[in-house]
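Here are the chains, one letter per residue:
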Amino acid sequence: ESSSPLWHSALAGKPLYLNLNLPTERATAPAFLDNMGHAIIIPLKTSNQVHGLLCLGLSGPMKMTTSVERNLIDAISDVAGNALYRAQVVETLEQRVRDRTQMLYLVYEIVAILNKPIHLSEMLHNVLDGMMEVVSGSSGFIHLIKDDPGAFELEVERNVPEEAVN
């Protein structure tokens with residue numbers, strides 16, 4: 001909601017200090033601050049992007065009132081935002097590594113299938129199944145080129161409607 005202090009802090013990229021004893025600030029405060037007298041909403045940011053918000057409810061008086069104390073909050077905001085950003089990047093990279101590892105495993109499986117002395121039809125079924133798994137395909141087929149120029153023959157198919165292959 002665009003009128004909430006959380007949204008305001010995220011857009012501004014600056015900590016927001018709320019006196020919840022004031023009716024105007026109480027009216028827009030999130031419900032989890034209902035029993036608090038004050039709140040600090042701290043954006044977790046890098047130099048150009050807010051990645052999250054740290055919300056602190058204070059039941060007692062606001063202690064962060066001097067410019068030095070507020071500069072400390074700004075510094076914490078920057079450090080926490082950078083740590084959050086790095087954690088998100090590492091998580092993304094770890095997921096990419098898992099995805100690539102899975103793909104490499106499937107490629108290895110396909111190569112292993114191709115190196116086995118098996119019947120052509122069985123090998124083509126295994127290759128098609130493996131490739132469909134790699135690309136999360138729901139259907140597929142393999143046509144082989146025949147001696148006749150421009151002629152193909154359906155050799156293997158999975159989940160392809162009959163009218164599409166004939």
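Keep in mind that this is a model prediction, so the values were computed, not measured.

**Quick word on the environment of Phe 141**
Looking at the secondary structure, you find Phe 141 in strand 4 (residues 140-145). Note: C-alpha distance between Phe 141 and Thr 66 (75 residues apart in sequence) is 71 Å. Residues in contact with Phe 141, not counting those within four places in the same chain, are Leu 128, Leu 154, Val 156, Glu 157 and Val 160.

**Regarding the pattern of salt bridges**
One pass over the full model with this rule turns up two salt bridges. In this structure, Asp 129 and Arg 158 form a salt bridge, with 2.8 Å as the shortest nitrogen-oxygen distance. Residue Asp 129 is located in helix 4 (residues 120-134), and its partner Arg 158 is located in strand 5 (residues 152-158); the two are separated by 29 residues in the primary sequence. Since its relative accessible area comes to 30%, Asp 129 is described here as partly exposed.

**Considering the nonpolar core**
Among the nonpolar cores identified, the biggest contains nine residues, and these are Ile 110, Ile 113, Met 123, Leu 124, Val 127, Leu 128, Met 132, Ile 142 and Val 156. Elements with a minimum of two residues in this core: helix 3 (67-115) and helix 4. Counting residues per element, this core draws most heavily on helix 4, which supplies five residues. Discounting residues that sit within four places of it in the chain, Ile 113 has contacts with Ile 118, Met 123 and Asn 126. Counting seven residues, the second largest nonpolar core, distinct from the first, contains Leu 16, Leu 18, Leu 20 and Ala 29.

**Some words on the confidence of the model for the protein**
Averaged over all residues, the pLDDT of the protein equals 81, while 96% of them reach at least 70. The secondary-structure element of the protein with the lowest mean pLDDT is helix 5 (residues 162-165), recorded at 72, while helix 3 shows the highest, at 86.

**A word on unusual backbone geometry**
Not every positive phi belongs to a glycine, and Asn 159 is a case in point at roughly 60 degrees. Looking at the element boundaries, Asn 159 is found in the loop between strand 5 and helix 5. Judged by its relative accessible area of 59%, Asn 159 falls in the exposed class.

**With respect to the sheet that holds strand 2 (residues 38-45)**
With antiparallel pairing, three strands are arranged side by side in an open sheet as 1-2-3. One side of each edge strand has no neighbouring strand; the edge strands of this open sheet are strand 1 (16-19) and strand 3 (50-58). Sheet twist, expressed as the mean angle between neighbouring strand axes with direction ignored, is 15 degrees. Note that strand 2 and strand 3 share eight bridges and pair antiparallel. From the neighbouring strand, Leu 44 faces strand 3, where its bridge partner is Gly 52. Against the sheet, helix 3 engages strand 1, strand 2 and strand 3, with an angle of about 45 degrees to strand 2.

Quick notes on the rules
Residues numbered from 1 in each chain as written. Predicted model: local features only at pLDDT ≥ 70, side-chain atom pairs only at ≥ 80, totals over all residues. Heavy atoms only, no water. Helix = DSSP H or I, 4+ residues; strand = E, 2+ residues; numbered from the N terminus. Contact = heavy atoms within 4.5 Å. Salt bridge = Lys/Arg side-chain N within 4 Å of Asp/Glu carboxyl O. Buried < 20%, exposed > 50% of the residue type's maximum accessible area, 1.4 Å probe, protein only. Core = buried A, V, L, I, M, F, W, Y, C linked by side-chain atoms within 4.5 Å. pLDDT = per-residue confidence, 0-100. Pairing = 2+ DSSP bridges. Axes fitted to C-alpha atoms, helices over the stretch in contact; angles between N-to-C directions.

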